[in-house]
Amino acid sequence: MKLSSLICQDCSKAAVLFNSKKRIIEFISQLAHEQLPQLSQQEILNALLSREKLGSTGIGRGIAIPHGRMSGVENPLAIIIVSESPIDFDAIDNRPVDIFVALIVPDGDSQLHLKTLATIADKLNDKDFCKQLRSAKTDQDLYHVIAAQS
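So, how was this worked out
Residues numbered from 1 in each chain as written. Predicted model: local features only at pLDDT ≥ 70, side-chain atom pairs only at ≥ 80, totals over all residues. Heavy atoms only, no water. Helix = DSSP H or I, 4+ residues; strand = E, 2+ residues; numbered from the N terminus. Rg over C-alpha atoms; globule rule 2.2 N^0.38 Å. Buried < 20%, exposed > 50% of the residue type's maximum accessible area, 1.4 Å probe, protein only. Contact = heavy atoms within 4.5 Å. Areas by Shrake-Rupley, 256 points an atom, 1.4 Å probe, with all protein chains shown as cover. Lys, Arg positive; Asp, Glu negative; His and termini not counted. Charge placed at Lys NZ, Arg CZ, Asp CG, Glu CD. Pairing = 2+ DSSP bridges. Salt bridge = Lys/Arg side-chain N within 4 Å of Asp/Glu carboxyl O. Axes fitted to C-alpha atoms, helices over the stretch in contact; angles between N-to-C directions. Parallel < 35°, antiparallel > 145°, perpendicular 65-115°, else oblique. Left-handed = near helix turned anticlockwise from the far one by under 90°. Nonpolar A, V, L, I, M, F, W, Y, C, P; charged D, E, K, R; others polar. Core = buried A, V, L, I, M, F, W, Y, C linked by side-chain atoms within 4.5 Å.

### Focus on the overall build of the protein chain
A count of helices and strands for the protein chain gives five helices and six strands. Listing each helix as α and each strand as β along the protein chain from the N terminus yields β-α-α-β-β-β-β-β-α-α-α. Expected size for 150 residues packed as a compact globule is a radius of gyration near 15 Å; at 14 Å, the protein chain falls within 12% of this value. When its C-alpha atoms are laid out on the principal axes, the protein chain stretches across 35 × 30 × 25 Å. Out of the 150 residues belonging to the protein chain, those deemed buried represent 47%. Excluding contacts between residues fewer than 6 apart, the proportion of contacts in the protein chain whose partners are at least 24 apart in sequence is 70%. Just so you have it, the protein chain exposes about 7,400 Å², and 46% of that area is on carbon and sulfur atoms. Positive and negative side-chain charges in the protein chain, numbering 16 and 18 respectively, have mean positions lying 5 Å apart.

This is how it looks when you write it as structure tokens:
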């Protein structure tokens, strides 16, 4: 599975500026709703926040993978956001987060969910790839990094 098959250009946002975990998740919900209009922004927000209540999706090294399973979704949707300034996200290493790869997957397809999460996590283990993500200054630059690496 390629990262570029999950993330469209409209779902790639570089140099955003938010100051809280809640606000970045609200922004992710808004972007996801634009791609999945059959779901309300509030439903998406609730799914992401419910998952965060189980434990932070901040995996360390300035990276978070907020995700949620939802009915009414046929294919996984990923959104990548790189924040201009890292924000506190309760990550497991207590470091602030600046790379967010959010994922909305169909409810009930655990195998697809795990495979998609594994693909994303594997790509984010590449330090050079993360450096390129952090260097992107425009949404288009960010998407080109995704497309070139996948």
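### Section: the pairing of strand β6 (residues 97-106)
In terms of residue burial, β6 counts as a mostly covered element, since ten of its ten residues are buried. Sheet analysis places strand β3 (residues 63-64) next to β6, joined by two bridges and oriented parallel. Within β6, the position partnered with isoleucine 63 by the bridge is isoleucine 99. In this sheet, β6 lies alongside strand β4 (residues 67-70) in parallel orientation, the contact comprising four bridges. Bridged to histidine 67 within β6 is leucine 103. With seven bridges connecting them, strand β5 (residues 77-87) and β6 associate as antiparallel partners. Paired with isoleucine 87 across the two strands is valine 97, which belongs to β6.

### Focus: unusual backbone geometry
If you check the backbone angles, arginine 61 has positive phi at about 60° while not being a glycine. Tracing the chain through its elements places arginine 61 in the loop between β2 (58-60) and β3. Taking the relative accessible area as the measure of exposure, arginine 61 reaches 31% and is therefore partly exposed.

### Side note on the pattern of salt bridges
This structure, assessed with the given rule, holds six salt bridges. Between lysine 21 and glutamate 52 there is a salt bridge, and its shortest N-O distance comes to 3.0 Å. Separated by 31 residues along the polypeptide, lysine 21 in helix α1 (residues 21-35) and glutamate 52 in helix α2 (residues 41-54) bring together distant segments of the chain. A relative accessible area of 17% places lysine 21 in the buried class. Aspartate 98 is the salt-bridge partner of arginine 134, the closest N and O atoms lying 2.9 Å from each other. Here the residue arginine 134 occupies a position in helix α4 (residues 127-135), and aspartate 98 occupies one in strand β6, the gap between them amounting to 36 residues. Connected via shared salt-bridge partners are Lys21, Glu52 and Asp90.

### Considering the packing of α1 against α2
The contact between α1 and α2 brings their axes to 8 Å, and the two run at 135°. As judged from the angle between their axes, α1 and α2 are oblique. In terms of crossing hand, the pair formed by α1 and α2 is right-handed. Counted together, Lys21, Ile25, Glu26, Ile28, Ser29, Gln30, Ala32 and His33 of α1 and Gln41, Ile44, Leu45, Leu48, Leu49 and Glu52 of α2 form the full contact between these two elements. Per-class residue counts for the contact of α1 with α2 are seven nonpolar, four polar and three charged.

### Some details on the nonpolar core
Formed by 51 residues in total, the largest nonpolar core has its most connected members in Ile24, Ile79, Ile81, Ile104, Leu124 and Leu133. Among the elements that take part in this core, β6 stands out by supplying eight residues, more than any other.

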